[in-house]
Amino acid sequence: MDIVIQDLRESYEKGTLEIAAVANDPITQFKVWLQGALDAKIKEPNAMTLATSDAQGRPSARVVLLKGVEEEGFVFYTNYESQKGQELLVNPYAALVFNWLDLEQQVRIKGKVEKLSAVASESYFQSRPKGSQIGAWASPQSQIIQDRSILEKNVERLHNKYAGQEKLPCPPHWGGFLVRAEEIEFWQGRSSRLHDRIRYRLQKDKTWVIERLAP
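Residues numbered from 1 in each chain as written. Predicted model: local features only at pLDDT ≥ 70, side-chain atom pairs only at ≥ 80, totals over all residues. Heavy atoms only, no water.

Asks: Run through the packing of helix 4 (residues 130-138) against helix 5 (residues 149-161), naming residues and quoting values.
Replies: Here helix 4 crosses helix 5 at 125°, and the two axes come no closer than 9 Å. With respect to each other, helix 4 and helix 5 are oriented oblique. Of the two possible hands of crossing, helix 4 and helix 5 adopt the one that is right-handed. Across the interface between the two elements, Ile 134, Trp 137 and Ala 138 from helix 4 touch Leu 151, Asn 154, Val 155, Leu 158 and His 159 from helix 5. Broken down by class, the residue content of the contact of helix 4 with helix 5 amounts to six nonpolar, two polar and no charged. (Axes fitted to C-alpha atoms, helices over the stretch in contact; angles between N-to-C directions. Helix = DSSP H or I, 4+ residues; strand = E, 2+ residues; numbered from the N terminus. Parallel < 35°, antiparallel > 145°, perpendicular 65-115°, else oblique. Left-handed = near helix turned anticlockwise from the far one by under 90°. Contact = heavy atoms within 4.5 Å. Nonpolar A, V, L, I, M, F, W, Y, C, P; charged D, E, K, R; others polar.)

This is the structure in structure tokens:
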């Protein structure tokens, strides 16, 4: 039986969102919602869509994992030579989306992106499981390879090379990015598609203005 995609729909009834009820700053509000996703045992609550664009403005998107929330913004790590890494170095702006369907919530973030320091990147890199550290060295991310055996041989070679070490040096092509949020929107699903949307906008004086948007 063919699936009629246009007839797929849900009625959202799980919550409401009012300006009077949100925190004064979006980072605090994000942490409240993230904790809610953790409490609800959402799978991979830190999974987020990362959208970037190249020098010609052509967009691309993929799902990555949030690895830190700071006063300045949102942290993730990647191979700087990957497609997303190269696009962010050429065009240092990004958008993030968190989608917690079980809670009928979504968070959208836009902002300028900057690289973390080598010290911060190495500190996080060496906190990862050894297999993940080896994987970062073994994979020429986003590059064309002939077959999977190339990766497997790289992994075997690195396991032998670092057999006596649990902490590998951080690859020079690997590290963190910080998305300095300029806009953060919180979306709560409501019935009849009259969803609640509350947006925080960063002003020139570094204060946040809070606005309700039409769904």
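Asks: With reference to specific residues and values, describe the pattern of salt bridges.
Replies: When their charged atoms lie close together, side chains carrying opposite charge are able to pair. Per the counting criterion, the structure on display carries twelve salt bridges. Measuring nitrogen to oxygen at the nearest pair gives 2.9 Å for the salt bridge that ties Arg 180 to Glu 114. Of the two residues, Arg 180 is situated in strand 7 (residues 174-188) and Glu 114 in strand 6 (residues 105-115); the sequence distance between them amounts to 66 residues. Residue Arg 180 is classed as partly exposed on the basis of its relative accessible area, which comes to 34%. The residue Arg 199 makes a salt bridge to Glu 211 at a minimum N-O spacing of 2.9 Å. You can see Arg 199 sitting in strand 8 (residues 196-202) and its partner Glu 211 sitting in strand 9 (residues 208-213), a full twelve residues away along the chain. (Salt bridge = Lys/Arg side-chain N within 4 Å of Asp/Glu carboxyl O. Buried < 20%, exposed > 50% of the residue type's maximum accessible area, 1.4 Å probe, protein only.)

Asks: Break down unusual backbone geometry for me, citing the residues and quoting the values.
Replies: At Glu 44, a residue that is not glycine, the phi angle is positive and equals roughly 50°. Looking at the element boundaries, Glu 44 is found in the loop between helix 1 (26-39) and strand 1 (47-53). Within the chain, Ser 192 stands out as a residue other than glycine whose phi angle is a positive 60°. Counting through the fold element by element, Ser 192 comes out in the loop between strand 7 and strand 8. For Ser 192, a relative accessible area of 63% puts it in the exposed group.

Asks: Account for the side chain of Gln 29, with residues named and values stated.
Replies: If you trace the backbone, Gln 29 turns up in helix 1. Setting aside its immediate chain neighbours within four residues, Gln 29 contacts Val 22, Ala 23, Phe 186 and Tyr 200.

Asks: Now, about a nonpolar patch on the surface: what can you tell me, with residues and values included?
Replies: Among the surface-exposed residues, Ile 3, Ile 5 and Leu 8 lie close enough to one another that they form a single nonpolar patch of about 380 Å² accessible area. As for its placement among the helices and strands, Ile 3 is situated in the segment before helix 1. Residue classification places Ile 3 among the exposed residues on the basis of a relative accessible area of 67%. (Patch = residues over 30% accessible without salt bridge, like charges linked within 9 Å, V, L, I, M, F, W, Y side chains within 5 Å. Areas by Shrake-Rupley, 256 points an atom, 1.4 Å probe, with all protein chains shown as cover.)

Asks: Summarise the environment of His 159; cite the residues concerned and give the values.
Replies: Here His 159 shows up in helix 5. Put simply, His 159 and Ile 5 are 154 residues apart on the chain and 47 Å apart in space, counted from C-alpha to C-alpha.

Asks: Hey, could you go over the layout of surface pockets for me, with residue numbers and the actual values?
Replies: As a volume, the largest pocket reaches approximately 340 Å³. Every residue lining the largest pocket is counted, 15 residues in all, and those nearest its centre are Glu 71, Glu 72, Ala 181, Leu 202 and Trp 208. Secondary-structure elements contributing two or more residues to the lining of the largest pocket are helix 1, strand 6 and strand 7. For the lining of the largest pocket, the per-class residue count stands at six nonpolar, one polar and eight charged. Its volume calculated, the second largest pocket comes out at about 280 Å³. What lines the second largest pocket is a set of 16 residues, and nearest its centre among them are Tyr 77, Thr 78, Arg 128, Gln 141 and Trp 174. Elements supplying a minimum of two residues to the lining of the second largest pocket: strand 2 (59-65), strand 4 (73-79) and helix 4. Here the lining of the second largest pocket gets four residues from one element, more than from any other, and that element is strand 4. Of the residues contributing to the lining of the second largest pocket, the split by class is seven nonpolar, six polar and three charged. (1 Å grid on protein atoms, 1.4 Å probe; cavity = no way out; pocket = protein on both sides within 12 Å on 5 of 7 lines; lining within 4 Å. Points joined across faces, edges and corners; volume = space filled by probe spheres on them.)

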